[in-house]
Amino acid sequence: MLSRRAGCLRVLRPLGSTSSYSTAVRKQALRGVSVPATLSARKTFHTSSLLFDIKTVQVPNVAESITEGTLKSWTKKVGDSVEVDEEVATIETDKVDVSVNATHAGKIVELLANEEDTVAVGADLFRIEEGAAGESSSAPKEEAPKEEAPKQEAPKQEEKTVETKPTKEEQKPATPSSSDKKPAPSPPKDEKKSSSSSSPAPAKSSSAATGPGSRNETKVKMNRMRLRIAERLKESQNAAAFLTTFNEIDMSSLIEFRKLYKDEVLKESGVKLGYMSAFAKASALALQEIPAANASIVDDTIVYRDYVDLSVAVATPKGLVTPVVRNLETMNFVEIEQAIAGLGKKARDNQLTLEDMAGGSFTISNGGVFGSLMGTPIINLPQSAVLGMHAINDRATVVNGKIEIRPIMVVALTYDHRLLDGREAVTFLVRVKQYIEDPRKMLLKS
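Residues numbered from 1 in each chain as written. Predicted model: local features only at pLDDT ≥ 70, side-chain atom pairs only at ≥ 80, totals over all residues. Heavy atoms only, no water.

Another point: helix α11 (residues 422–437). Under the 1.5 Å per step criterion, the end-to-end length of α11 is 23 Å for 16 residues, consistent within 8% with the ideal 22 Å. Taken as a whole, α11 has its buried residues at E424, A425, F428, L429, V432, Y435 and I436. Considered in projection along α11, the buried side chains sweep an arc of 130° and stay on one side of the axis. (Helix = DSSP H or I, 4+ residues; strand = E, 2+ residues; numbered from the N terminus. Expected span 1.5 Å × (residues − 1). Buried < 20%, exposed > 50% of the residue type's maximum accessible area, 1.4 Å probe, protein only. Arc of directions from axis to C-beta.)

In C-alpha cells form, the structure reads like this:
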C-alpha cells in the first residue's frame, strides 16, 4: 500500500509475497513517482556467496631441507574451475619442481603470489571457493572471441592510413618539377621534410643493426636448481683433495657381447642392452674389493658401506641431476638397465622426487654420449670417487705383438685423496678394465 508523508511517497510493504511488493514498486515508477534507491536495490541483493566456503591452499612441505621455493608458473587463473588434486601452480626448489594441487573442487577466487616470487613453506598461495565449480567456465570463453574481432580490424585501418600518407607526399614533388627557375629550390626542401617526417628512427636503427656482427646481450636469471648445483660443485672443489687417474679399455669383447644378446634382451624385457649396465656391475664388484671408494667422510669419521647405491648423472634442460639406483650389487645387467632407463625417463619428464636423488655412495658419469674423448669428473660430496666414461674410438693398439685397430674407451676415476691412496684408486680402475675387457669374469664373482 502507498501513503504520503512529508511530501514524499512512502511504500508500505504488505505481509504477502515479494512479487506483489516488487509489482507495486514498478507501477509507481511507471506513473512517474520517485522510488527510493534502497527499495530498488533490494531486488539485486542476494546471499548466494554465503552458500560456498572459501578454502586457502598453502605452499606444501616438500622436505625438511627445503624451506622456500620460486613460483614458476600458474596453470590456472582467477575464475577457473578446478577439481580435487588438479594442478594449479608449479614451485621450483633447489632439487625438484613441486606441483601444488587443489585440495577441494571449486573455483579459483584469488591468487596470493605472482610468478617468480619467492614463497616460503606454509605460506598462503591461493584461495578456492568450494562448490562453485563451473560458474565462470562458460561466460569468459564466449566473450573472448567477440573482443578479438575489433582488435584485428583496428590495425588494418591504421595500416591504410599509413600507406596513403606517403603516396600523397610523393605526388606533391611532381608538380614543382615542371617549373624551371624559381620553383627549383623548393623540391629539395619538401624532399627533406618528407624524408625526415616519414621514418628517421628506423633508418638509424637499421644502419646500426646491419653492422658487421651483433653486440646484443641476454641476461637470464639462474634457476634454483642451477644455483644449487653451482654451490655444491664449488663446495666439493673446496672440501675434497681431487686427484684423477686414467686408463684405456679395449671394448671389443663387450661390443661383441652386446651384439649377441641385445635383440634377445629387448624382446624379453623391453629394454635396450647398453654399456652402462656392464660398467655399473663392474664398478659394484670393484667397490667390494676396494671399500674405501664406496665410503665417505662425515666430520672426523669414515663411514664404510656394505651396499652400493649408484648415482647416475643425467643431463636435463635445468641442469645435471643424479638419481640413485639402490642396492646395485644385487642386480644383473637387465635389472640395472631397467632401473637406469626408468630414472632417466623420470628425469627428462621432470618427475624425479627427492627420494629418487637422496643418498648415493658412488657416481658414474657418461660423457661419451656427447662425444667426450677425455675428462675429469667432479666428486659428488660426500662421496669419495666418481667414474667417468667417454667416447669409443678406433685406435691402433698392440695385441700379441701385432698392431691392430681396436675400439678404445678412455676411463677416468676422480677420487678424494683424503680417503683413497693412489694404490687403491689405480687398483679400482684396473679391476673395472679387466671386467669390461672380459665380461665373463663378472660371472665368477658372487
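A few words now on the environment of K234. You can see K234 is positioned in helix α6 (residues 224–239). For K234, a relative accessible area of 47% gives the class partly exposed. Here the alpha-carbon distance between K234 and I378, two residues 144 residues apart in the chain, equals 9.7 Å.

On to the sheet that holds strand β3 (residues 53–58), then. With respect to topology, four strands assemble into an open sheet ordered β3-β10-β8-β5, the strand pairing being antiparallel. Only two strands of the sheet have a single partner each, and these edge strands are β3 and β5 (81–82). Where β3 meets strand β10 (residues 124–130), six bridges bridge the pair, whose relative direction is antiparallel. Its bridge partner being in β10, T56 is matched across the sheet by R127. (Pairing = 2+ DSSP bridges.)

All right, on to the pairing of strand β21 (residues 402–416) then. Relative to β21, strand β11 (residues 242–250) is paired through nine bridges, and the arrangement is antiparallel. Bridge pairing links F242 to D416 in β21. Bridging between strand β19 (residues 385–389) and β21 involves four bridges; their strand directions are antiparallel. When the bridges of β21 are listed, A385 appears paired with Y415. Of the pairings in the sheet, the one linking strand β20 (residues 392–399) to β21 comprises eight bridges and is antiparallel in character. Considered in β21, the bridge of R395 is made with R406. Counted between consecutive antiparallel strands, the loop separating β20 from β21 contains two residues, among which N400 sits at a positive phi close to 55°.

Let's shift gears to unusual backbone geometry. Across the junction of L381 and P382, the peptide omega takes the value 5°, indicating a cis bond. Counting through the fold element by element, P382 comes out in the loop between β18 (362–366) and β19. Of note, D85 is a non-glycine position whose phi angle comes to about 65°, a positive value. Mapped onto the fold, D85 is located in the loop between β5 and β6 (87–92). The exposure class of D85 is exposed, given its relative accessible area of 58%. We note that D299 has phi near 60°; this positive angle belongs to a residue other than glycine. Mapped onto the elements of the fold, D299 is located in the loop between β12 (296–298) and β13 (301–303).

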